[in-house]
Amino acid sequence: LYSKLRSTVDRLKSTNRKFATSTHRLESFINNATDAIVNVDSKGRVVMFNDAALQYFPNLKKRRSLFSNMPNKGFGDALRAQLEETITSEATKQELNLELSPDHKVHFRVESTPSHFITDENYDEIHVMYRFVDITFHRTMEERKQEFMALVSHELRTPLTVLKSYFSILLG
């Protein structure tokens, strides 16, 4: 009996070490991600988040509503709607703008993915993992490209209009 008990204890210790190692690897992976990652339960309460999330959302706290921690109510409302859509369907993506201060606006592509956790035989708990990808640089470059194209288009049209009027005078 002692040897069986000892063997069971050794297996449990080994399993516990493997679990701790896996947990540490997962936490390390999430914390080293450059994108902000926030995991919430089906009610929108924060379960976990990485360091990058604190850069954009410094008021995040575990077991508190993600939506009430947003610096902008409209942004929080959009995330709440995305949570409901993600729970009832599948992964979703949307682009959102967040004004952190009057002179600092951030453009995000927000991806949300449902995760199912079986907590016991009868209960399947749904969590949603949000990934906030900062696309501010890309959006700024796109706006500059559009401005440049409008300017070039205008500059090319102006000499053509002058030439067209000269030709109409000469021909007319």
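Structural data are supplied above this passage.
Here's what I pulled together on the structure shown here. These numbers come from a predicted model, not from an experiment.

Brief notes about the overall build of the chain
1) Next: When helices and strands are tallied, the chain shows four helices and five strands.
2) Next: Listing the helices and strands of the chain from first to last along the sequence gives α-β-β-α-α-β-β-β-α.
3) Next: Taking 16 Å as the expected radius of gyration for a compact globule of 172 residues, we find that the chain reaches 27 Å, considerably beyond that expectation.
4) Next: Over its C-alpha atoms, taken along the principal directions, the chain stretches across nearly 115 × 30 × 30 Å.
5) Next: Evaluated residue by residue, the chain yields a buried proportion of 27% over its 172 residues.
6) Next: Intrachain contacts of the chain at a sequence separation of at least 6 include 38% that bridge at least 24 residues.
7) Next: Accessible surface for the chain amounts to roughly 12600 Å². Of this, 57% is attributable to carbon and sulfur atoms.

Some thoughts on the nonpolar core
1) Next: Within the largest apolar cluster, 24 residues are counted, with the highest numbers of intra-cluster contacts made by Val 38, Leu 66, Leu 79, Tyr 130 and Phe 132.
2) Next: Contributing elements (two or more residues each) for this core: β1 (36-41), β2 (46-49), α2 (51-56), α3 (73-88), β3 (92-101), β4 (104-120) and β5 (123-134).
3) Next: Discounting chain neighbours no more than four positions away, the residues touching Leu 66 are Val 38, Val 40, Gly 44, Val 46, Leu 60, Leu 79 and Tyr 130.

Some details on the pairing of β1
1) Next: In terms of residue burial, β1 counts as a mostly covered element, since six of its six residues are buried.
2) Next: Neither face of β1 is open: one carries Ala 36, Val 38 and Val 40, the other Ile 37, Asn 39 and Asp 41, and all of them are buried.
3) Next: Hairpin remark: β1 followed by β2, antiparallel, with four residues in the connecting loop; positive phi at Gly 44, about 90°.

Quick notes on the pattern of salt bridges
Should their charged atoms come close, side chains of opposite charge can pair.
1) Next: This structure, assessed with the given rule, holds eight salt bridges.
2) Next: Residue Arg 80 is joined to Asp 77 by a salt bridge in which the shortest nitrogen-to-oxygen separation is 3.5 Å. Linking Arg 80 with Asp 77, this pair stays in helix α3, spanning three residues, or about one helical turn.
3) Next: Overall, the relative accessible area of 35% leaves Arg 80 in the partly exposed class.
4) Next: Its relative accessible area of 32% is what places Asp 77 among the partly exposed residues.
5) Next: Across the salt bridge formed by Glu 95 and Arg 139, the nearest N and O atoms sit 2.2 Å from each other. Of this pair, Glu 95 sits in strand β3 while Arg 139 sits in helix α4 (residues 136-171), and the two are 44 residues apart along the sequence.
6) Next: The class for Glu 95 is partly exposed, based on a relative accessible area of 47%.

Considerations on the pairing of β2
1) Next: Bridging between β1 and β2 involves three bridges; their strand directions are antiparallel. Across the sheet, Val 40 pairs through a bridge with Val 46, a residue of β2.

Conventions adopted
- Residues numbered from 1 in each chain as written.
- Predicted model: local features only at pLDDT ≥ 70, side-chain atom pairs only at ≥ 80, totals over all residues.
- Heavy atoms only, no water.
- Helix = DSSP H or I, 4+ residues; strand = E, 2+ residues; numbered from the N terminus.
- Rg over C-alpha atoms; globule rule 2.2 N^0.38 Å.
- Buried < 20%, exposed > 50% of the residue type's maximum accessible area, 1.4 Å probe, protein only.
- Contact = heavy atoms within 4.5 Å.
- Areas by Shrake-Rupley, 256 points an atom, 1.4 Å probe, with all protein chains shown as cover.
- Core = buried A, V, L, I, M, F, W, Y, C linked by side-chain atoms within 4.5 Å.
- Pairing = 2+ DSSP bridges.
- Salt bridge = Lys/Arg side-chain N within 4 Å of Asp/Glu carboxyl O.

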